[in-house]
Amino acid sequence: MEDCEWILVKEPTDRDIWSPSLENGEEISSSSRPLEIRFNEAAKHWTDALPIGNGRLGAMIWCGVSSEILNLNEDTLWTGTPGDYTNPEAPTSLAEVRKLVDNGQYAEATEAAVQLTDNSPDVYQLLGDIKLEFDDFHGTFQEEKYERVLDLDTATVKVNYSVGDVEFAREYFASNPDQVIAAKVSANKPRCLTFTLSIDSKMHHHTYVSGNNQIIMEGSCPGKRKPPKVDANDNPKGIQFTAILDLQISGGSGNLQVLDNRRFRVEHCDWAIILLVASSSFNGPFIKPADSKRDPRSECSSMLNSIKKFSYSKLYARHLDDYQKLFHRVSLQLSKNSDSVAKGSGRVSTADRVKSYKTDEDPSLVELLFQYGRYLLIACSRPGTQPANLQGIWNYMLEPPWDCAPHLNINLQMNYWPALSCNLKECQEPLFDYTTSLSLCGFKTAKVNYGASGWVAHQVSDIWAKTSPDRGQAVWALWQMGGAWTCTHLWEHYTYTLDKVFLANTAYPLLEGCTSFLLDWLIEGRGGYLKTNPSTSPEHAFIAPDGKAASVSYSSTMDMSIIKEVFSDIVSAAEVLGKSDDDLIKRVLKAQPHLCPTRIARDGSIMEWAQDFEDPEIHHRHVSHLFGLFPGHTISVRGTPALCKAADYTLYKRGEEGPGWSTTWKAALWARLHDSEHAYRMVKHLFDLVDPDHEANFEGGLYSNLFTAHPPFQIDANFGFSAAVAEMLVQSTMRDLYLLPALPRDKWPNGCVKGLKARGGVTVSICWNEGDLHEFGLWSNGQTTTKRLHYRGRTIATNILSGKVYTFNKQLNCVKTYALF
């Protein structure tokens, strides 16, 4: 059965529905552009390893020859227990800080604001490692024939090498439908496989063999951030976990032995199949691990039992069908000229391609990184999982950088920027589940800390839905807009999907609670404006008029931009749901004219704070004051040209340097300004190969496995890159659709993108030649919609009827229409 071939008959995806009729040659062929991350040697660093994931389980695969390591993760393994995210003393401290701000004593307010901060979040943990040790025979492998690839088209890691006249192969995938990490090890000649198999962990654990083909690992996460002393009386029970490693070897050949009741020794088999399932006792953010009724051992056994009815080939076929239904929705082909041959085939490593990008600017590498972001989102965020954290799900440290915690002042939100435009709306569901949890904890924080209704979340959180401020300085810890920013994704989801059930049952209740807090948080200030006090601009400080450094003032531009966005969102949502007469909406409509406007500083840039304070770090990594341009919508090329001019100068003044996430945010911002040159400069800026042995010498860039660097590794820029490229090709509002608004015509003069999504429930495919629009297709599976189509100063209006595909030529004339089904 293991040698059977399964033929998959797939439903057409969004990229398959529309095909152009190019006049000058054939469409750029995707078959010549393998979407592969390729290496010609085994991993030497963790950032050389290749990631797989099914949303909940993840692995980093090193692909060594003499020994193989799979670093394992499960997305619910965190330190800690549910917390009390309230501070009864906060109202007294809040009154003190507000008084200092009102008196213009910003440095003193910054110092006093530390009293409003709380505890640090808990920490994402690891699961363990699978290790295979091969016999000495492997030490003589032929280095020139070694290759390993991550194939994005199949979400499979493959490694091939030869020893003498024997060819060895391994493949790995993480199945979402069957919740298993699977591996197959094989040779092209019989009885050539000999190895030892084990599973281990840095966590508190024990392993043992069960039956004749399974190794069970049981362990626990620390009940506190730092592992407490063994005899400590206050050591709470942490999350418990189980992993089961199942081994199958070829029948009729090979011997299987148990070593020290913890490992397997396999000798002289033809092939081996390894299956890994894992589960934890985590039962939601409000249940203590000690009170959890979940039995991870039993759950793992049930998962394995359900898998046993499938052959390996069938497991792989089910994995492919599930994954490709998502991944194949969008295709992107870019070319310098119509007859160029794509690079990336042969034995050229992806790392070498990144190194050479500064000089050859290979567009197919942009395609690869764009699709890699989509692959990673599918791999680390699926319905029912935890939201993607600071490293997705991939982590090998007990104390990872920044705790791998979701940071709500850019990073968590950026993780989901490509979900809608890049046609992966299902992958955003964990964010909404998480937002619901934040709202429940945030109601208590708002009431106790601030005497406000509704709910609030601050700058950083964890699996327990922490909503109180972080511990530390106010410049990063004190920021009340984290939940509000997350809420903007709710309305965005509706604008792309037109899902009224989601809007009514999920989005609107969360927006109501967020809006209630914001209305209570706003206080009347000078000039009749409503202000926020205290207020910070995330992680950035200023020089106060008295010459002192400070970070706390009032009504930062980002505060007001997010509040404007949320207020606009809930008013629009109320119109759709027939709730415009609700008292809450009337309060919002009354407050909107009194929100501080976005102001332009003396030097022509967007002011970051309510006053034109001196900026001690003009190249700061955050561009928070440009939220209204992207991802917000209060600054636009058509609607606010003066603010766009100021935003342009703000980006110029900020500079091009910065960590990876800052680079991709700037790319998206330039794209929103329809500035293709600067957007592309930021795209190019990211293609800088980071040396993991000297990563402190870098700012931004890519590791050899195309993980993006802060450094160290943060996954947000991978997602930000995909979103930024999509923004360069298609932009939309509920009424307007902009085609190729920031296309770098001299860099990508020929290309085709299929399956991108636009607001209003519209799918968009575009082909262009010699830098000019050639043909595009539009269709909608939802309701009939009217769009104004914009291309290089030309505008037409068109109705898009549900269930029909429309093809337009470069004159924006409709050339053909046909039924979608």
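Quick caveat: nothing in here was measured; it's all calculated off a predicted structure.

### Examining the sheet that holds strand E28 (residues 794-800)
Reasoning step 1: As summarised here, the arrangement of the 4 strands in space is E22-E23-E27-E28, forming an open sheet in which the pairing is mixed. Across the chains shown, the open sheet's two edge strands, defined by having one partner strand only, are strand E22 (730-732) and E28. Looking at each pair of strands side by side, their axes are set apart by 25° on average, direction ignored.
Reasoning step 2: Its contacts with the sheet place helix H19 (residues 716-729) against E22 and strand E23 (736-739), and it is angled at close to 80° to E22.

### Quick look at the side chain of Lys 666
Reasoning step 1: Here Lys 666 shows up in helix H17 (residues 660-672).
Reasoning step 2: We note that Lys 666 is buried and unpaired, the nearest opposite charge coming from Glu 699 at a distance of 7.7 Å.
Reasoning step 3: Discounting residues that sit within four places of it in the chain, Lys 666 has contacts with Val 623, Leu 651, Arg 654, Gly 655, Glu 656, Glu 657 and Met 682.

### Points about helix H13 (residues 500-521)
Reasoning step 1: A rise of 1.5 Å per residue sets the reference length of H13, with its 22 residues, at 32 Å; its end C-alpha atoms lie 29 Å apart and thus fit the reference within 8%.
Reasoning step 2: A bend of about 45° at Ala 507 is the largest found in H13, and the proline Pro 509 appears one to four places after it.
Reasoning step 3: Regarding H13, its N-cap is Asp 499, as a side-chain oxygen of that residue lies 3.1 Å from the backbone nitrogen of Val 501 further along.

### Thoughts on the sheet that holds strand E25 (residues 762-769)
Reasoning step 1: With antiparallel pairing, the 6 strands of this open sheet are ordered in space as E17-E24-E25-E26-E29-E30. Since the sheet does not close on itself, it has two edges, and those belong to strand E17 (331-335) and strand E30 (814-819), each with one partner. Pairwise comparison of adjacent strand axes, ignoring direction, gives a mean angle of 15° for this sheet.
Reasoning step 2: Of the pairings in the sheet, the one linking E25 to strand E26 (residues 772-780) comprises 8 bridges and is antiparallel in character. In the strand pairing of E26, Ile 766 is matched with Phe 776.
Reasoning step 3: Along the sheet face, H19 touches E17, strand E24 (750-758) and E25 and points at about 105° away from the line of E24.

### Describing the pairing of strand E27 (residues 785-791)
Reasoning step 1: Burial analysis of E27 places 5 of its 7 residues in the buried class, the great majority of the element.
Reasoning step 2: With 3 bridges connecting them, E23 and E27 associate as parallel partners. From the neighbouring strand, Asp 736 faces E27, where its bridge partner is Arg 788.

### Side note on the UniProt feature "domain: Alpha fucosidase A-like C-terminal" (unreviewed entry) in the protein chain
Reasoning step 1: UniProt's entry tags residues 731-792 with the feature "domain: Alpha fucosidase A-like C-terminal" (unreviewed entry), counted in the numbering of this structure.
Reasoning step 2: Its end C-alpha atoms 13 Å apart, residues 731-792 is made of 0% helix and 63% strand.

### Considerations on the packing of aromatic side chains
Reasoning step 1: Summed over the entire model, instances satisfying the criterion amount to 38 aromatic pairs.
Reasoning step 2: Both rings, one in Trp 417 and one in Phe 630, keep their centres 4.9 Å apart while their planes meet at 85°; by these two values the pair is edge-to-face. One end of the pair, Trp 417, is in the loop between helix H8 (411-415) and helix H9 (418-421); the other, Phe 630, is in the loop between helix H15 (583-591) and helix H16 (641-654), with 213 residues separating them in the sequence. Across this residue pair, the class does not change: Trp 417 and Phe 630 are buried.
Reasoning step 3: Each ring, one from Tyr 680 and one from Trp 748, has its centre 5.9 Å from the other, and the planes form 85°; the classification is edge-to-face. One end of the pair, Tyr 680, is in helix H18 (residues 676-686); the other, Trp 748, is in the loop between E23 and E24, and 68 residues separate them in sequence. Accessibility classification places Tyr 680 together with Trp 748 in one group, the buried group.
Reasoning step 4: Linked through ring pairs, Trp 46, Tyr 323, Phe 327, Tyr 372, Tyr 375, Trp 394, Tyr 396, Phe 707 and Phe 713 together constitute an aromatic cluster.

### Focus on the packing of H16 against H17
Reasoning step 1: Between H16 and H17, whose axes approach to 10 Å, the crossing angle comes to 150°. The orientation of H16 relative to H17 falls into the category roughly antiparallel. In this structure, H16 crosses over H17, and the sense of that crossing is left-handed. On H17, the residues touching Asp 648, Leu 651, Tyr 652 and Arg 654 of H16 are Lys 666, Leu 669 and Trp 670.
Reasoning step 2: Tallied by class, residues from the contact of H16 with H17 come to 4 nonpolar, no polar and 3 charged.

### Thoughts on the confidence of the model for the protein chain
Reasoning step 1: For the protein chain, the mean per-residue pLDDT works out to 93, and 95% of the residues sit at or above 70.
Reasoning step 2: Confidence over residues 1-9 falls short of pLDDT 50; this stretch has 16 contacts with residues more than four positions distant or in other chains.
Reasoning step 3: Counting contacts from residues 338-344, a segment whose pLDDT is below 50, to residues more than four positions away or on other chains yields 12 contacts.

### Some thoughts on the packing of helix H5 (residues 312-327) against helix H7 (residues 363-380)
Reasoning step 1: It is at 10 Å that the axes of H5 and H7 come closest, and there the two elements cross at 130°. Between H5 and H7, the angle falls in the class oblique. Every pair of crossing elements has a handedness; the one defined by H5 and H7 is right-handed. Side by side, H5 and H7 meet where Tyr 323, Leu 326 and Phe 327 of the first sit next to Gln 371, Arg 374, Tyr 375 and Ile 378 of the second.

### A word on the nonpolar core
Reasoning step 1: With 242 residues, the main nonpolar core has Tyr 372, Tyr 375, Trp 394, Trp 665, Leu 729 and Ile 766 as its most contacted residues.
Reasoning step 2: When residues in this core are grouped by element, the largest group, 12 residues, is from H7.
Reasoning step 3: Here this core spans two domains, since at least three of its residues come from each of domain 1 (1-31 + 733-820) and domain 2 (37-79 + 123-328).
Reasoning step 4: Setting aside its immediate chain neighbours within four residues, Trp 665 contacts Ile 410, Met 414, Trp 417, Trp 485, Met 558, Val 623, Ser 624, Phe 630 and Pro 631.

### Examining the pairing of E23
Reasoning step 1: Residue alternation in E23 divides its side chains into two sets, Asp 736 and Tyr 738 and Leu 737 and Leu 739, and both sets are buried.
Reasoning step 2: With 3 bridges joining them, E22 and E23 adopt antiparallel strand pairing. By the bridge assignment, Gln 731 is partnered in E23 with Tyr 738.
Reasoning step 3: Hairpin connection from E22 to E23: 3 residues lie between these consecutive antiparallel strands.

Rules and cut-offs
- Residues numbered from 1 in each chain as written.
- Predicted model: local features only at pLDDT ≥ 70, side-chain atom pairs only at ≥ 80, totals over all residues.
- Heavy atoms only, no water.
- Pairing = 2+ DSSP bridges.
- Helix = DSSP H or I, 4+ residues; strand = E, 2+ residues; numbered from the N terminus.
- Axes fitted to C-alpha atoms, helices over the stretch in contact; angles between N-to-C directions.
- Contact = heavy atoms within 4.5 Å.
- Buried < 20%, exposed > 50% of the residue type's maximum accessible area, 1.4 Å probe, protein only.
- Lys, Arg positive; Asp, Glu negative; His and termini not counted.
- Salt bridge = Lys/Arg side-chain N within 4 Å of Asp/Glu carboxyl O.
- Expected span 1.5 Å × (residues − 1).
- Bend = angle between axes of the 7 residues up to and from the residue.
- Polar contact = N/O pair within 3.5 Å; in protein donor to acceptor, adjacent residues only side chain to side chain.
- UniProt positions renumbered as here; feature names shortened; annotations may be inferred.
- Phe/Tyr/Trp six-rings, centres within 6.5 Å; stacked < 30°, edge-to-face > 60°.
- Parallel < 35°, antiparallel > 145°, perpendicular 65-115°, else oblique.
- Left-handed = near helix turned anticlockwise from the far one by under 90°.
- Nonpolar A, V, L, I, M, F, W, Y, C, P; charged D, E, K, R; others polar.
- pLDDT = per-residue confidence, 0-100.
- Core = buried A, V, L, I, M, F, W, Y, C linked by side-chain atoms within 4.5 Å.
- Domains from an automatic or database assignment.

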